[in-house]
Amino acid sequence: MGIGHHGRTYRLDWEDPTVREWECTVLWSDPDDPEAGIVLDRSAFYPGGGGQPPDHGVLLWQGVRTRIAGTRKGEDLFLLPEPGEPVPPVGTVVQGALDDDRRTSLMRTHSGLHVLCGTVFRDFGALVTGGNMEPGEARMDFNLPELPPNFKATIEDAVNREIEADRRIDVRFLPRAEALANPELVKTMGVSPPDEPELRIVDIVGLDVQADGGTHVASTAQIGRIRVTKVENKGRQNRRVRISLVD
């Protein structure tokens, strides 16, 4: 698998996360078995992973609309149509289009989680033990045995200060050995980066740098304000922080 590819599919979502419409060609499909999925030569659909759910959208072809509701990852990236939807045959030129509201909300949410992660690591030295997100809301678990006083309000204020600082969010690929030479690259306990020769790095400049495959906004200011809605105990050492986008 080359940089920017998943199997035969070129990942437009990695090249430019602002892409919402594009033209592409069907490389593989089985109209008699829609659940097998559809492989495109170029796709902006984020396939899911790292806590970020997959994109939704449509494929438009020959006056037909096929709604896409998920993905299946294997040697290729398979788009999964909603039940009963028609499947374009191999060789068909199609127009792809994402659900813009969903993708944009997920980008803001994912970047907000990275700001949260970087802020908690910087201020409290805590590593991540888990996380998940939906459009506009998310949770992240931290190895934080002792909960500091006023933690909920303190971390909300600190995260929003970093958002308001309008820090640039850069994405780049680095050779695996070079990336892993940075000890702060992995902030999730018990998780190693993918075993690939090149790693995709998301860098919130001056705050957080991590190996990550998801989609992000271009700067922290684009996240908008976040609210820490709840802090929960999840065992002796784990604290769950729930956040939501304010607008």
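These remarks concern the structure in this document. Treat the numbers as computed from the prediction; the structure is a model and nothing was measured. (Residues numbered from 1 in each chain as written. Predicted model: local features only at pLDDT ≥ 70, side-chain atom pairs only at ≥ 80, totals over all residues. Heavy atoms only, no water.)

## Let's talk about the side chain of H114
Then, number 1: As for its placement among the helices and strands, H114 is situated in helix α2 (residues 100-124).
Then, number 2: Not counting chain neighbours up to four residues away, the residues in contact with H114 comprise V202, I204, D208, Q210, D212 and H216. (Helix = DSSP H or I, 4+ residues; strand = E, 2+ residues; numbered from the N terminus. Contact = heavy atoms within 4.5 Å.)

## Looking at helix α3 (residues 151-164)
Then, number 1: End to end, α3 covers 20 Å across 14 residues, agreeing with the expected 20 Å (1.5 Å per residue, within 8%).
Then, number 2: Of all the positions in α3, only F151, I155, E156, A158, V159, N160, E162 and I163 are classed as buried.
Then, number 3: Packing partners of the buried residues in α3 comprise α2, β15 (226-233) and β16 (238-245).
Then, number 4: At the exit of α3 stands D166, carrying a positive phi of roughly 55°. (Expected span 1.5 Å × (residues − 1). Buried < 20%, exposed > 50% of the residue type's maximum accessible area, 1.4 Å probe, protein only.)

## Quick notes on the layout of surface pockets
Then, number 1: Volume-wise, the second largest pocket comes out at about 190 Å³.
Then, number 2: Around the second largest pocket, the lining is made up of 15 residues, and of these P17, M107, H216, V217 and A218 lie nearest the centre.
Then, number 3: At the level of elements, α1 (12-15), α2 and β12 (169-175) are the ones that each hand at least two residues to the lining of the second largest pocket.
Then, number 4: When the residues that make up the lining of the second largest pocket are grouped by side-chain class, the tally is seven nonpolar, four polar and four charged. (1 Å grid on protein atoms, 1.4 Å probe; cavity = no way out; pocket = protein on both sides within 12 Å on 5 of 7 lines; lining within 4 Å. Points joined across faces, edges and corners; volume = space filled by probe spheres on them. Nonpolar A, V, L, I, M, F, W, Y, C, P; charged D, E, K, R; others polar.)

## Details of the nonpolar core
Then, number 1: Counting residues in each nonpolar core, the largest one holds 29 residues, and the members touching the most others are L116, F142, I226 and I243.
Then, number 2: Elements represented by at least two residues in this core include exactly α2, β10 (128-134), β11 (137-143), α3, β13 (198-204), β15 and β16.
Then, number 3: Counting residues per element, this core draws most heavily on α2, which supplies seven residues.
Then, number 4: When residues no more than four places from it in sequence are discounted, the contact partners of F142 are L116, C117, V120, A126, L127, V128, T129, Q237, N238, R239 and V241. (Core = buried A, V, L, I, M, F, W, Y, C linked by side-chain atoms within 4.5 Å.)

Keep in mind that these numbers describe shape and distance, not what the molecule does.
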